[in-house]
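Now for the letters of each chain:
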Amino acid sequence: MATMKVHGDVLSIATQRVLACLYEKELDFELVPVDIRTGAHKKQPFISLNPFGQVPAFEEGDMTLFESRAINLHIAHAYKDKGTQLIYDGKKMAIASVWMDVEAHQFDPAATKLGFELVIKPMIGGTADAAAVHENEAKLVQVLDIYEVRLAQSKYLGGDDFTLVDLHHLPCIHRLMGSQVKKLFDSRPHVSAWCADILARPAWLKVLAMQANH
């Protein structure tokens, strides 16, 4: 089996998404650091791996992939029999796919923007844009209200088992738990229990350990 390489930054949410998947699948890989603070992701040699200049990029033998969710789908399919089963077959997969799209198109835009305004900006000496925070908190509330209903019906968003659907939420949720937005998760019992469950997964704790050692 060719050595898998993840070209990315452990502080990047998208990179963390792929690392969590690899740990869930109990696969060996090499992390090739890309320093996004110096703009290394916008230059060669990285730009030859992802022409859009965004981390991470993934190499396995003669195959190169980018876009974290697509990378994870490949890993989950190619190594279906290893580690945690992160995808389903048939009808169950169709349902899980709906919630994967919800994460990418409904949850992630608002959560990422809030993480930037409330966590990243203050970290680099900036001030949050109050209007952007208000707008994206309102969007996140709508999503979490829907999640609360869904999670009253099944233990996880994609069904009764932990899958890529839940995994893809981990980096943003972790970041937001260090902000005022935490209360939006905590005030919804089923969402709160789901967050506590997925944030405690050993694979995710390994990603956090990598981040702490960075």
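Residues numbered from 1 in each chain as written. Predicted model: local features only at pLDDT ≥ 70, side-chain atom pairs only at ≥ 80, totals over all residues. Heavy atoms only, no water.

Peer 1: Give a description of unusual backbone geometry that names residues and reports values.
Peer 2: Residue Pro45 is reached from Gln44 by a cis peptide bond, and omega for that bond is 5°. With respect to the helices, strands and loops of the structure, Pro45 is situated in the loop between β2 (29–33) and β3 (57–60). Of note, the amide linkage connecting Val55 to Pro56 takes the cis form, showing an omega dihedral of 0°. Within the secondary structure, Pro56 sits in the loop between β2 and β3. For Glu26, which is not glycine, the phi dihedral falls at a positive 55°. Summarising the element assignment, Glu26 is placed in the loop between α1 (13–24) and β2. Its identity is not glycine, yet Glu67 carries a phi of approximately 80°, on the positive side. Considering the arrangement of structural elements, one finds Glu67 in the loop between β4 (63–66) and α2 (68–78). (Helix = DSSP H or I, 4+ residues; strand = E, 2+ residues; numbered from the N terminus.)

Peer 1: Account for the pattern of salt bridges, with residues named and values stated.
Peer 2: A full pass over the atoms with the stated rule returns 13 salt bridges. For Asp89, the salt bridge is made with Lys80, and the minimal N-O distance between the two is 2.6 Å. A salt bridge links Lys121 to Glu117; its shortest N-O distance comes to 3.0 Å. Taken together, the residues span about one helical turn, with Lys121 and Glu117 both in helix α3 (residues 90–123) at a distance of four residues. What makes Glu117 buried here is its relative accessible area of 2%. (Salt bridge = Lys/Arg side-chain N within 4 Å of Asp/Glu carboxyl O. Buried < 20%, exposed > 50% of the residue type's maximum accessible area, 1.4 Å probe, protein only.)

Read these as geometric descriptors, not functional statements.
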